[in-house]
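# Examination of the molecular architecture
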Amino acid sequence: MPIATVNPATGATLETFEAHGGEEVERRIAAAATAFDHHRTTTFAERAALLHRAADLLDADRREIARTMTTEMGKPVAAARAEAAKCAKTMRWYADRAAGLLADEHPAGSDVADSGAVRAVVRYRPLGVVLAVMPWNFPLWQVVRFAAPALMAGNTGLLKHASNVPRTALYLEDLFRRAGYPEGCFQALLIGSAAVEGVLRDPRVAAATLTGSEGAGRAVASVAGDEIKKTVLELGGSDPYLVMPSADLDAAVATAVTARVQNNGQSCIAAKRFIVHSDVHDAFRDRFTAAMAALAVGDPLDEAVDVGPLATEQGRADLEELVDDALAHGATATCGGRRPPGLAAGWYYEPTVLTGVAEGMRIHREEAFGPVATLYRAGNLDEAIALANDTSFGLGSNAWTRDPAEVERLSRDLQAGGVFFNGMTASHPALPFGGVKRSGYGRELSGHGIREFCNITTLWHGPG
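Described in the following lines is the structure provided in the data block. (Residues numbered from 1 in each chain as written. Predicted model: local features only at pLDDT ≥ 70, side-chain atom pairs only at ≥ 80, totals over all residues. Heavy atoms only, no water.)

This model, assessed by the stated rule, comprises 38 salt bridges. One salt bridge connects R285 with D286, and the closest N-O pair in it is separated by 3.0 Å. Judged by its relative accessible area of 24%, R285 falls in the partly exposed class. We classify D286 as partly exposed; its relative accessible area is 44%. (Salt bridge = Lys/Arg side-chain N within 4 Å of Asp/Glu carboxyl O. Buried < 20%, exposed > 50% of the residue type's maximum accessible area, 1.4 Å probe, protein only.)

Quick look at the structure:
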């Protein structure tokens, strides 16, 4: 895949970029390793000052970088501005809290006395150069939620961004440079996927984090496992959205629409499978269908547009295949199911609701990365939980109920990295983020995220 900015609203190529060759990749890895030797010795206060400066610059650049993201991958421009603001917030969150999150731990003397220690300390030390392989769907946020904690921990970063968002990748490199980070602390690698293995096998690269497809996760994990290097993987999701009879149905429907079409439906934690109790299924179906059909589809730079194009032509083709397969095997589209008329240019697809989805249809098993919702009927809570867990993924989940017993049961039995009650699944700097099953392993964000790329070191002191 060429490294290029292609506007998904028009299909026009705006700019192409020459991939970094072997010599340039080597120079950048060497610079990252050299920068780590210094950066790891800086104080939390020094690192916080740099990250606060980066957040301030990002706030000042918000409108410009939002437009860049929109023209590279098609998200509505208002959502792009919100993404930039969230990144600045997360930078400040880690700048202000990293010292506490990584503070030395002191086991009680009585707990370690039988080891012969007079005292012991647990210290979090940075690992080194971390390679980040990042996707296009949240081209700023996915990177910052790795970079902010990694840099505050004292690591340095190499970013291999998706090949269709090179402008955003280079912006991030420049942002950290303008903030005052020394050369090599954070760099973008303009390379294709085939070059990732060589970077990851380099002995100067200590660890890797990847957000992307299941296939990409397998490839990176395989190489990292062979090299015995730490990885964090955030992969696909097919998140369930359960609605029980006690739910506030109006709120559940309104949130369901946003939860499905956020980022044009291209989010791992977007709700995708809507599992609704029989008592409220038909009312939910009718209201949800009407709300999805009413969404404005069009130019994502238009502030009035709700849903823009899919990021790539192949992405739309993949989505069409899933929908067409479902329809051919007996599903019904209560709205959508086609390319919108009047938008010949660009990679648009109508917001779609599918009912009658069943085992044997591809969309029952595969992640639909676009504004397509599948709707299921559940006769009771047991059936709803079984449907929710009937997937190889386990990233996020939503549940709408005001019954305390149901809340307790769902908290225990839903197989996911997060369960969001009476609201939309979202990532937040204070909350750990990640999944189970084929959605990956490890956690981003919160204190758990900043410790992922640390050497958790035991310091033992004897009586001498």
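Within the structure shown, the criterion is met by nine aromatic pairs. Judged by centre distance (4.7 Å) and plane angle (45 degrees), the rings of F176 and F186 are tilted. With F176 in helix α7 (residues 166-178) and F186 in strand β6 (residues 186-188), this residue pair connects regions lying 10 residues apart in the sequence. Judged by relative accessible area, F176 falls into the buried class, the value being 1%. (Phe/Tyr/Trp six-rings, centres within 6.5 Å; stacked < 30°, edge-to-face > 60°. Helix = DSSP H or I, 4+ residues; strand = E, 2+ residues; numbered from the N terminus.)

Bringing the sheet that holds strand β7 (residues 205-211) into the picture now. Strand order in this open sheet of six strands is β6-β5-β4-β7-β8-β16, and the pairing throughout is mixed. The open sheet terminates on both sides in strands that have one partner only, identified here as β6 and β16 (440-441). Sheet topology note: the β7/strand β8 (residues 230-234) ladder contains five bridges and is parallel. When the bridges of β8 are listed, A208 appears paired with T231. (Pairing = 2+ DSSP bridges.)

Another point: the sheet that holds strand β14 (residues 398-400). Note: strands within a sheet are paired through backbone hydrogen bonds, in either parallel or antiparallel orientation. Strands sit in the order β11-β12-β13-β10-β9-β14-β15 across an open sheet of seven strands; the sheet is mixed. On the outer flanks of this sheet lie β11 (332-335) and β15 (420-421), each paired with one strand and no other. The sheet contact formed by strand β10 (residues 271-277) and strand β13 (residues 372-378) spans five bridges and is parallel. Bridged to R273 within β13 is T374. On top of the sheet, helix α10 (residues 249-261) reaches β9 (239-243), β10, β13 and β14; it is set at about 165 degrees to β9, its chief contact. (Contact = heavy atoms within 4.5 Å. Axes fitted to C-alpha atoms, helices over the stretch in contact; angles between N-to-C directions.)

What follows is about the packing of α10 against helix α11 (residues 278-293). Between α10 and α11, whose axes approach to 10 Å, the crossing angle comes to 50 degrees. Of the possible angle classes, the one that applies to α10 and α11 is oblique. Between α10 and α11 lies a crossing whose hand is right-handed. Of the residues in α11, those touching α10 at L249, D250, A252, V253, A256, V257, R260 and V261 are V280, A283, F284, R287, F288, A291 and M292. Residue classes in the contact of α10 with α11 are distributed as 12 nonpolar, no polar and three charged. (Parallel < 35°, antiparallel > 145°, perpendicular 65-115°, else oblique. Left-handed = near helix turned anticlockwise from the far one by under 90°. Nonpolar A, V, L, I, M, F, W, Y, C, P; charged D, E, K, R; others polar.)

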